[in-house]
Amino acid sequence: MHQFDLPRILSVGAATLALAACGGAAASSTPAASSTAAAGTNVAGQLAQLSGSKLVLSGQNGATNVTVSSATRVTQTVAGTLADIVGGVCITATGVKDAAGSVTANNVTLMAKQLMNGNCTTAARAGASPRPGGSPRPGGFNPSGGFGQRNGASPPAHFTFVRGEVASVSGSSVTVNVTGGGTQTVVVSSTTRITTTQLASASRLAVGQCIRATGQKDSSGTIKARTLSIQPAGPNGCFSGGGGGFGPGRPGGGAPSPAASTA
């Protein structure tokens, strides 16, 4: 089982972005794709250059300089397995609810409880995905990986999501104490995509990674990162959508929130 110590989960982006696939572009004077929120500026890109505490993130519109320090919270999202789903872990799952009320998951995201301020079942932190009652962002539903692929498709009937704390696991059946009260059974199959978010350090950074950074921008345009997240690439690169990387439709990606009900 992976040691959890964060993610995404920590993005404050709200603007819609359509980023190109990762391509290792060099730095330029044009700002990389970013958005500004109350907590600072959010930028997503491929790590094109790395020199000590200085990073260059390359996006569709160019490059952005980012600096990290000992105060920067670095997290990394990695592939997980069913064995990572244990009691006490925070879980977000998306899938289809059957007639018996169980949700068969196509995507599961895990994180340690301490990364959610010690409580999985309270209101989601800023940037957590999906949002209860949220409507889909541009991109539509991707049958192979949930939301995020720009194919214009709609989610299947009874598509829903579950967010809360794992209460127990029996085989592939997971009981979740859900946000707002009650429990929900989530079934994890061999095709369910499982990811875990854990605390990391700046030493894990490497050129070519998909990165999301949030922080204050100084007068030179450099972002002093408060949080920095290392994300897995999708099938077509950092910003491809469809089950990896950032996906189109939101800075730093992740699946847009389904329009379906919240379990």
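The model shown is predicted, which means the values in this text are computed figures rather than measured ones.

Each value, and the rule that gives it
Residues numbered from 1 in each chain as written. Predicted model: local features only at pLDDT ≥ 70, side-chain atom pairs only at ≥ 80, totals over all residues. Heavy atoms only, no water. Helix = DSSP H or I, 4+ residues; strand = E, 2+ residues; numbered from the N terminus. Buried < 20%, exposed > 50% of the residue type's maximum accessible area, 1.4 Å probe, protein only. Areas by Shrake-Rupley, 256 points an atom, 1.4 Å probe, with all protein chains shown as cover. Disulfide = S-S within 2.5 Å. pLDDT = per-residue confidence, 0-100. Contact = heavy atoms within 4.5 Å. Pairing = 2+ DSSP bridges. Core = buried A, V, L, I, M, F, W, Y, C linked by side-chain atoms within 4.5 Å. Polar contact = N/O pair within 3.5 Å; in protein donor to acceptor, adjacent residues only side chain to side chain.

## Topic: the overall build of the protein chain
Point 1. Secondary structure summary: the protein chain contains zero helices and 14 strands in total.
Point 2. Reading the protein chain from its N terminus to its C terminus gives the helix and strand order β-β-β-β-β-β-β-β-β-β-β-β-β-β.
Point 3. The proportion of buried residues among the 263 residues of the protein chain is 51%.
Point 4. Accessible surface, the protein chain: about 10,700 Å² in total, of which carbon and sulfur atoms supply 51%.

## A closer look at the state of the cysteines
Point 1. If you walk through the whole model with that rule in mind, you get one disulfide.
Point 2. The disulfide partner of Cys90 is Cys120, and the S-S distance across this bridge is 1.9 Å. Linking Cys90 and Cys120, the disulfide has an S-S dihedral of approximately -80 degrees and is accordingly described as left-handed. With Cys90 in strand 6 (residues 90-97) and Cys120 in the loop between strand 7 (103-111) and strand 8 (141-142), the pair connects residues that are 30 residues apart, well separated along the chain.
Point 3. What makes Cys120 buried here is its relative accessible area of 1%.

## So, the confidence of the model for the protein chain
Point 1. Averaged over the protein chain, the pLDDT score is 74; the fraction of residues at 70 or greater is 62%.
Point 2. Every residue in residues 1-31 scores below 50 in pLDDT, and together they form 124 contacts with partners more than four places removed in sequence or on other chains.

## Topic: the pairing of strand 13 (residues 210-217)
Point 1. In terms of burial, strand 13 is a largely internal element, six of the eight residues being buried.
Point 2. Sheet analysis places strand 2 (residues 40-51) next to strand 13, joined by six bridges and oriented antiparallel. Among the inter-strand pairings, Gly45 is bridged to a residue of strand 13, identified as Ile211.
Point 3. The pairing of strand 13 with strand 14 (residues 223-231) spans eight bridges and is antiparallel.

## Comments concerning the nonpolar core
Point 1. If you look at the biggest cluster of nonpolar residues, it comprises 16 residues, and the most contacted ones within it are Ile85, Ile91, Val108, Leu110, Val174, Val176 and Val186.
Point 2. Those elements that provide at least two residues to this core are strand 6, strand 7, strand 10 (159-170), strand 11 (173-178) and strand 12 (183-199).
Point 3. The element contributing the most residues to this core is strand 7, with four residues.
Point 4. Listed in part, the 15 residues of the second largest apolar core include Val66, Val68, Val74 and Leu228.

## Overview of unusual backbone geometry
Among all residues except glycine, the phi angle is most often negative; among peptide bonds, the trans geometry is most common.
Point 1. Residues other than glycine seldom take positive phi values, yet Asn117 does so here, at roughly 60 degrees.
Point 2. Its place among the elements puts Asn117 in the loop between strand 7 and strand 8.
Point 3. What makes Asn117 exposed here is its relative accessible area of 66%.

## Some remarks on the pairing of strand 4 (residues 62-67)
Point 1. When strand 3 (residues 54-59) meets strand 4, the two strands line up antiparallel, connected through six bridges. Considered in strand 4, the bridge of Lys54 is made with Thr67.
Point 2. Between strand 3 and strand 4, which pair antiparallel in sequence order, lie two residues.
Point 3. With two bridges joining them, strand 4 and strand 14 adopt parallel strand pairing. What sits directly across from Val66, in strand 14, is Ile223.

## Describing the side chain of Thr77
Point 1. Relative to the elements of secondary structure, Thr77 occurs in strand 5 (residues 73-79).
Point 2. Accessibility expressed as a relative area gives 9% for Thr77, which makes it buried.
Point 3. Here Thr197 takes part through its side chain, which lies 3.3 Å from a polar atom of the side chain of Thr77.

## Thoughts on the environment of Thr92
Point 1. Structurally, the position occupied by Thr92 is in strand 6.
Point 2. A relative accessible area of 9% means that Thr92 is categorised as buried.
Point 3. Between the C-alpha atom of Thr92 and that of Val178, which follows or precedes it by 86 residues, the distance is 9.5 Å.

## Here's the deal with the environment of Gln184
Point 1. Here Gln184 shows up in strand 12.
Point 2. We classify Gln184 as buried; its relative accessible area is 8%.
Point 3. Between the alpha carbons of Gln184 and Gly164 there is a distance of 9.3 Å; along the sequence they are 20 residues apart.
Point 4. Polar side-chain contacts of Gln184 include one of 2.6 Å to the backbone oxygen of Gly101.

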